[in-house]
Amino acid sequence: MVRIVRRGLVFGAVTVAGQAAYARFRGVPSFDGLDPTGSFGDPDLPKLRIVILGDSTVTAPGLDDPDDSWARISARRFENRFRVELVCLAVGGARSRDVLEDQLPAALAEEWDIAIVSVGSNDVLNLVPIWLFERRLDEIVARLNVVARAVVLFGVGDLGSIPRVPFPLDRFAWWSGHIADWVHRRVAARYEVAKVDQWAQTTEPFNSGIHMFSPDLFHPSPAGHQAWADALIPTLEDIVVELENSTAR
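Cut-offs used in this document
Residues numbered from 1 in each chain as written. Predicted model: local features only at pLDDT ≥ 70, side-chain atom pairs only at ≥ 80, totals over all residues. Heavy atoms only, no water. Helix = DSSP H or I, 4+ residues; strand = E, 2+ residues; numbered from the N terminus. Buried < 20%, exposed > 50% of the residue type's maximum accessible area, 1.4 Å probe, protein only. Areas by Shrake-Rupley, 256 points an atom, 1.4 Å probe, with all protein chains shown as cover. Phe/Tyr/Trp six-rings, centres within 6.5 Å; stacked < 30°, edge-to-face > 60°. Pairing = 2+ DSSP bridges. Axes fitted to C-alpha atoms, helices over the stretch in contact; angles between N-to-C directions. Parallel < 35°, antiparallel > 145°, perpendicular 65-115°, else oblique. Contact = heavy atoms within 4.5 Å. Nonpolar A, V, L, I, M, F, W, Y, C, P; charged D, E, K, R; others polar. Core = buried A, V, L, I, M, F, W, Y, C linked by side-chain atoms within 4.5 Å. Salt bridge = Lys/Arg side-chain N within 4 Å of Asp/Glu carboxyl O. Polar contact = N/O pair within 3.5 Å; in protein donor to acceptor, adjacent residues only side chain to side chain.

**Focus: the overall build of the protein chain**
Helix and strand counts for the protein chain stand at nine helices and six strands. A total of 249 residues make up the protein chain; the buried ones form 55% of that total. Approximately 11200 Å² of the protein chain is accessible, and the part contributed by carbon and sulfur atoms is 52%.

**A few points about the packing of aromatic side chains**
Applying the stated rule across the entire model yields six aromatic pairs. Their ring planes at 15 degrees and their centres at 4.2 Å tell us that Trp-70 and Phe-154 sit as a pair that is stacked. Of this pair, Trp-70 sits in helix α3 (residues 70-76) while Phe-154 sits in the loop between β5 (148-153) and α7 (169-191), and the two are 84 residues apart along the sequence. For Phe-154, a relative accessible area of 1% corresponds to the buried category. On the numbers, 5.5 Å between centres and 45 degrees between planes, the contact of Phe-206 with Trp-228 is tilted. Of this pair, Phe-206 sits in helix α8 (residues 198-206) while Trp-228 sits in helix α9 (residues 222-248), placing them 22 residues apart in sequence.

**Quick word on the sheet that holds strand β3 (residues 83-88)**
As summarised here, the arrangement of the six strands in space is β1-β3-β2-β4-β5-β6, forming an open sheet in which the pairing is mixed. What marks the edges here is a single partner per strand, and that holds for β1 (38-40) and β6 (194-195). Pairing geometry for strand β2 (residues 47-54) and β3, over six bridges, is parallel. Bridge pairing in β3 links Lys-47 to Arg-83.

**Side note on the packing of helix α4 (residues 96-108) against helix α6 (residues 130-147)**
When two helices pack together, their arrangement is captured by the angle between the axes and the distance separating the axes. Following both chains from N to C, one finds α4 and α6 inclined at 5 degrees, their axes separated by 10 Å at the closest point. Taken together, the axis directions place α4 and α6 in an arrangement best described as roughly parallel. Where α4 abuts α6, its residues Ser-96, Arg-97, Val-99, Leu-100, Leu-104, Ala-107 and Leu-108 lie against Phe-133, Arg-136, Glu-139, Ile-140, Arg-143, Leu-144 and Val-147. The class makeup of the residues in the contact of α4 with α6 is nine nonpolar, one polar and four charged.

**Structural notes on the pairing of β5**
A large share of β5 lies buried, amounting to five of its six residues. Strand direction decides the pairing type here: strand β4 (residues 112-118) and β5, joined by five bridges, are parallel. Bridge pairing in β5 links Trp-112 to Ala-148. The pairing of β5 with β6 spans two bridges and is parallel.

**Brief notes about the nonpolar core**
Within the largest apolar cluster, 73 residues are counted, with the highest numbers of intra-cluster contacts made by Leu-48, Trp-70, Ile-114, Ile-116 and Leu-144. No other element matches α9, which puts 10 residues into this core. Apart from the residues within four sequence positions on either side, Ile-116 is in contact with Ile-50, Val-51, Ile-52, Leu-53, Trp-70, Val-152, Leu-232 and Leu-236.

**Remarks on the pattern of salt bridges**
The final tally for this structure, using the stated rule, is 16 salt bridges. Between Glu-85 and Arg-49 there is a salt bridge whose closest N-O contact spans 2.9 Å. Here Glu-85 is found in strand β3, whereas its partner Arg-49 is found in strand β2, with 36 residues between them in sequence. Summarising the burial analysis for this pair, Glu-85 and Arg-49 share the class buried. Each of Lys-47, Arg-49, Glu-85 and Glu-110 takes part in one network of salt bridges that share partners.

**A word on the side chain of Ser-221**
Following the sequence through the fold, Ser-221 ends up in the loop between α8 and α9. From its side chain, Ser-221 meets the backbone oxygen of His-211 in a polar contact 2.6 Å long.

**Looking at the side chain of Asp-181**
One can find Asp-181 in helix α7. Owing to a relative accessible area of 2%, Asp-181 belongs among the buried residues under this scheme.

**So, the environment of Ser-39**
Locating Ser-39 in the fold gives a position in strand β1. Residue classification places Ser-39 among the partly exposed positions, given a relative accessible area of 42%. Separated by 10 residues in sequence, Ser-39 and Arg-49 place their C-alpha atoms 9.3 Å apart. Those residues in contact with Ser-39, other than ones at most four positions away along the chain, are Arg-83, Val-84 and Glu-85.

Listed below in C-alpha cells is the structure:
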C-alpha cells in the first residue's frame, strides 16, 4: 500500500500539471458554485438536520439549479417524512485543512442528525501527504461524532473519468482517486461510521459518456449529481431508519 500511495503522489502531481495545461488549451469555461442549503417538507413533520462539509463536489459548479445537486436530491428524498433542514458549509476548492479549520467550527456550534463529509480530491491532486490527509480526516470525523448522531464519509470516486484529464494522465488521476477513497475507508472503519462505496456504485456511470459532466469538463452535470445521489441515498435510508428506531425506544 505504501508503494501505491507513492505512485499516487507522483501521479497526482502530473495530473494537476496536465489538467491545467489541457484546460488552457481547450479554453473550457469555469463556473461559480451553488449553495444547496435549504429547508424541505412540512414544518409540522419531525426535523431531520443534515450538515455537509467539503469541496466543489458539494457546491456543484456547472449546475444551473441547486435542486439538481446530489445534496438537495438526497435531502429531498426524505421531505415527505421529515422537515429536512439542510446546511451546506462546503467551499469549492477546499482541502481537508480548510474543512478542519474553516468549516468544522461552524458545524460544531450546533447539533445534527447526519453530518456528511465530501473532501479529498483536492488533497491528493495537490500532493498533500497521505498521512496528513488521513490525520485531518480522522480529526474531522472524531469531532463531528460529538455533535452528529451519524457521520457519513462520501468517499472519492474515479478521477480518471474526468474528460478534462487526457490520456495518459487519466491513469494518474485514477490512482489519486483510489488513494483518497482508501483513506476515507480507513477512517470510516476506525470510527465505525458509514462510507459511500463510490467505486462500486459510480465508476460505471461516470465512465459512460461526456453527458455526465458539465461544460467545464471537470465537474459533474445534473446526470453526474444524480449518480452521486443514487449512491448516497441507500446509506441515508439505513441511517434514518436507525435514527427513527432509536428515537422510538
